Amino acid sequence: MRTKIMKPALAATFLAAIAACQTVPPQNAAMQNARSVYQTASANPAVVRYAPIELEQARTSLERAESEYRDDPRSEAAGHLAYLAARRAEVATARASQRAADERIEAVSAERERVLLAARTREAERARQQAAVQETLAREAHGRAQDLQRQMQELQARESSRGMVVTLQDVVFDTGSATLRPGAYRTLQQLATVLRQHPERRLRVEGFTDSQGSEEYNRSLSERRATAVRDALVGLGVAPDRVEVRGFGEAFPVASNENAAGRQLNRRVEILLSDPSGRLAERGM
Amino acid sequence: MPKSSPMRMVAVSMLVALPAFAGCASVPPPVDQLAVSRAAIEQARANGALAAAPADYERALERMRAAEAANRDERYRDARLLAEEAEVDARAALAKADAARSRQALAEIEKSLQALRQEAQRGAQ
């Protein structure tokens, strides 16, 4: 029987197998592990895409290991090469993971820039619109201030340290009384128009007399004359709280009381225009 | 089959089996390979492998020590093979550390983008 007579080579191998079992086992586990790790890596599209060179290195190592293993399943060279192959496959997988993340970082970074740019553009647009609104408001205010200036000039107002002042002379009143003559109404109508068109402004009406007569009488007359002007303005549509009244009597003469001309000049009503916030300056005492 | 890791088994079996090849006079000292392996380990260390891939890094160190011991004993073939394995261990540790760092950076920038988007939505209202 042929099977009972072992071929010498086979016998030697068999004996070698028994002898070697205690020292160098077949490299099955190492080979299987290497094949498995490589298989996983090469089946991963990310590894193929991002780490083709590292994957190729692993494949080459595995081929060399397989070759050694075919020649001698117990050769430690096979086990060694299998180990290298498995590790190189791990490197390929890790490198692919790194490069995929790096590529994604680029994309996210670019998106982040876009979002930032869009936000900044919106911000800039908002600021521009606000500036435009501010500019329009400023232009309007300036235009209105110029209108006011023109209107006051038509009223022959003069600039004083306290603001613009319109003066009504003695002739607008009946002699020694607080009754307004019709001639005053043109000026008062213009003043009423100013106040209507510039609702932020207010007036103070100040009455003055010459020095003839008692101080008490002059103070009373001057106050009654100022009040008459105020009432006339109210009659022309001005709200009462926008017009103050003062009677200064003989105080603050603008001309000499020694002659008739001077005394006539002192008999006057001064109408002071407020600042844009409605404030009226007091006379220095 | 005992349940130890296959890789450990290979390493141990190699250390046991290799004395048969000791004293092979034609094998030169693996000076270059040892240098390459040391450099690979240093590169891994410098890139945070100790924290990101401690098992791989430790294995590289172990193998390097064994390689240097074999080298001192003039077991040059053992030394070269062990150094080769230390080198791939170090490269694996380095690759894993780099991958971990990139993934971390990606997570952070994605979070930043999301925060920006929410901010932009609020601003647009």
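What comes next concerns the included structure. A quick note: this is a predicted structure, and the numbers were derived from the prediction, not measured.

## A word on the interface of chain B and chain A
Each partner contributes to the interface: chain B provides 37 residues, whereas chain A provides 33 residues. Buried area between chain B and chain A, both sides added, is near 3000 Å², and the carbon and sulfur share of it is 69%. Applying the counting criterion to the chain B and chain A interface returns seven salt bridges. Note that Asp-56 of chain B and Arg-87 of chain A form a salt bridge whose closest N and O atoms lie 2.7 Å from each other. Applying the counting rule to chain B against chain A returns 14 residue pairs in polar contact (both at pLDDT 80 or more). For the side of chain B that touches chain A, the element with the most residues is helix α5 (residues 76–124) of chain B, which contributes 25 residues. Residues that form the side of chain B that touches chain A fall into these classes: 20 nonpolar, four polar and 13 charged.

## Section: helix α5 (residues 76–154) of chain A
The end-to-end C-alpha distance of α5 of chain A, which contains 79 residues, comes to 116 Å, matching closely the 117 Å that a straight helix rising 1.5 Å per residue would cover. In the stretch just after α5 of chain A, Gln-156 of chain A is the one whose phi turns positive, near 60°.

## Side note on the packing of helix α2 (residues 28–42) of chain A against helix α4 (residues 52–71) of chain A
Residues and elements named next belong to chain A. Relative to each other, α2 and α4 sit at 155°, their axes nearing to 11 Å. One element, α2, and the other, α4, form an angle in the roughly antiparallel class. At the point where α2 passes α4, the crossing takes the left-handed sense. Taken together, the residues of α4 that come into contact with α2 (itself represented by Asn-28, Met-31, Ala-34, Arg-35, Tyr-38, Ala-41 and Ser-42) are Leu-55, Ala-58, Arg-59, Leu-62, Ala-65, Glu-66 and Tyr-69. Among the residues forming the contact of α2 with α4, the class breakdown is nine nonpolar, two polar and three charged.

Definitions and limits used
Residues numbered from 1 in each chain as written. Chains lettered and ligands numbered in written order. Predicted model: local features only at pLDDT ≥ 70, side-chain atom pairs only at ≥ 80, totals over all residues. Heavy atoms only, no water. Contact = heavy atoms within 4.5 Å. Buried area = accessible area lost by both parts, 1.4 Å probe. Salt bridge = Lys/Arg side-chain N within 4 Å of Asp/Glu carboxyl O. Polar contact = N/O pair within 3.5 Å; in protein donor to acceptor, adjacent residues only side chain to side chain. Helix = DSSP H or I, 4+ residues; strand = E, 2+ residues; numbered from the N terminus. Nonpolar A, V, L, I, M, F, W, Y, C, P; charged D, E, K, R; others polar. Expected span 1.5 Å × (residues − 1). Axes fitted to C-alpha atoms, helices over the stretch in contact; angles between N-to-C directions. Parallel < 35°, antiparallel > 145°, perpendicular 65-115°, else oblique. Left-handed = near helix turned anticlockwise from the far one by under 90°.

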